[in-house]
Amino acid sequence: MALRAYTGLRPCRGHLMPGHNIFTQSIPAAIVPSRVRDMGTSARGAQTQEAKNTRSKYKLEKAAGKSRYEVAPGQRIATATAGVPALVRLGTAAFVSDNLKNFRNRPKKPIELYEFEGCPFCRKVREACTLLDIDVLFYPCPKGGPTWRPKAVQLSGKSQFPYMVDPNTRQQMGESDDIINYLYNEYGDGNVPLLLKLGPLTAISNTLALLPRINRGISYRKSKLPKKPVDLWAYEASPFCKLAREVLVELEIPHIYHSVARNSPKRQELIDKWDVFQVPYIEDPNTGVAMFETPQIIEYLEKTYAV
């Protein structure tokens, strides 16, 4: 399962066929979850209109690549180390929950999380959000960050992460286990998966998972704050998505994270936009730019927002 991540795997261009690993995430329009195929006409019509709006609002600066297994020059080591968390965590957050159809409700507005990429307690909350197929508005709180970290401390009264605000219920809380329990009770079936409730073992495994990239996604780098959050389509287990999010966090760029792990019905939304599924993919409402491809996304973020 891990071999392709270490031998030049390019993300998300292969068909979803038996035997593919958790990083091979591309699907043609005809291969989608049954709950998407069975979607009502009005809902599908709305998605189609949204896709048309995307093409009129955004200029696609970088299209999805054609090669199925390719890592950009100089990215092999970074991609390999970014793939370690999914291996250590046994593929948690590569798929949405099998019980998604029985979940109680869906949040109308994204959950808001104050956190940072290199925090193991933050990571297990991100795993929960992926399994629940929940979108999140992330306010990155890297060490030394002048904007969102002080805001989180103001809200919680202490420098502890993650911190959650749910605009749908007006609930606010810290403590990763409390957040996970809340999310599963409010938006799931109340049953937290075993790998998320092993206490110290969950925390230790997430800590070990982050060690290969221990210095990334932790500390602030001077940046220009965008007026609007950047939209990011990604999922937690993908090494390619992790590399892009590290930069978003370090530059303190708020971003709406559209979680699209395997079996997520939201994958069809991305297919509707550009007739392909590949992540990471961003839309920046501040500049009207949209793009696929991790190296190009990173380069764009650095040129646009780094100082």
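You'll find the structure just up there.
Since this is a predicted model, take the numbers as computed values, not measurements.

Novice: Quick rundown of the pairing of strand E4 (residues 163-166)? Include the residues and the values.
Specialist: The side chains of a regular strand alternate, residue by residue, between the two faces of the sheet. Across the two faces of E4 the burial is the same, with Tyr 163 and Val 165 and Met 164 and Asp 166 all buried. Two elements, strand E2 (residues 111-115) and E4, share three bridges in a ladder whose sense is antiparallel. The residue of E4 that forms the bridge with Tyr 114 is Tyr 163.

Novice: Could you give me a rundown of the nonpolar core, with the residues and numbers involved?
Specialist: Counting 62 residues, the largest nonpolar core has Met 164, Leu 183, Tyr 184, Val 279 and Leu 301 as the members making the most contacts within it. The biggest single contributor to this core is helix H8 (residues 176-187), with six residues. What Leu 301 contacts, discounting residues up to four positions off in sequence, is Ala 244, Val 247, Leu 248, Leu 251, Ile 253 and Ala 306. Judged by nonpolar contacts, the second largest core, of 15 residues, contains Phe 116, Ala 152, Val 165 and Val 249.

Novice: Can you break down the packing of aromatic side chains residue by residue, with the values?
Specialist: By the definition in use, this model includes six aromatic pairs. For the pair Phe 138 and Tyr 257, a centre-to-centre distance of 5.6 Å together with 85° between the ring planes defines the contact as edge-to-face. Placement of Phe 138 in strand E3 (residues 136-140) and of Tyr 257 in strand E7 (residues 255-259) is noted, with a sequence separation of 119 residues between them. The pair Phe 138 / Tyr 257 is uniform in exposure class, with both members buried. Centroid distance Tyr 139 to Trp 148: 4.6 Å. Interplanar angle 45°. Geometry classified as tilted. Grouping residues by exposure puts Tyr 139 and Trp 148 together as buried. Against the face of Tyr 235 rests Arg 267, its NZ or CZ located 5.9 Å from the ring centre.

Novice: Let's hear about the environment of Asn 99: which residues, and what values?
Specialist: For Asn 99, the position within the fold is in the loop between helix H5 (84-88) and E2. The class of Asn 99 is partly exposed, set by a relative accessible area of 23%. Counting along the chain gives 33 residues from Asn 99 to Leu 132, while the straight-line C-alpha distance between them is 9.1 Å. There is a polar contact of 2.5 Å between the side chain of Asn 99 and the side chain of Asn 102. Within the local environment of Asn 99, its side chain forms a polar contact with the side chain of Asp 189, the two groups lying 2.5 Å apart.

Cut-offs used in this document
- Residues numbered from 1 in each chain as written.
- Predicted model: local features only at pLDDT ≥ 70, side-chain atom pairs only at ≥ 80, totals over all residues.
- Heavy atoms only, no water.
- Buried < 20%, exposed > 50% of the residue type's maximum accessible area, 1.4 Å probe, protein only.
- Helix = DSSP H or I, 4+ residues; strand = E, 2+ residues; numbered from the N terminus.
- Pairing = 2+ DSSP bridges.
- Core = buried A, V, L, I, M, F, W, Y, C linked by side-chain atoms within 4.5 Å.
- Contact = heavy atoms within 4.5 Å.
- Phe/Tyr/Trp six-rings, centres within 6.5 Å; stacked < 30°, edge-to-face > 60°.
- Lys NZ or Arg CZ within 6 Å of the ring centre and 35° of its normal.
- Polar contact = N/O pair within 3.5 Å; in protein donor to acceptor, adjacent residues only side chain to side chain.

So, to be careful, I would describe these as geometric facts and stop short of saying anything about function.
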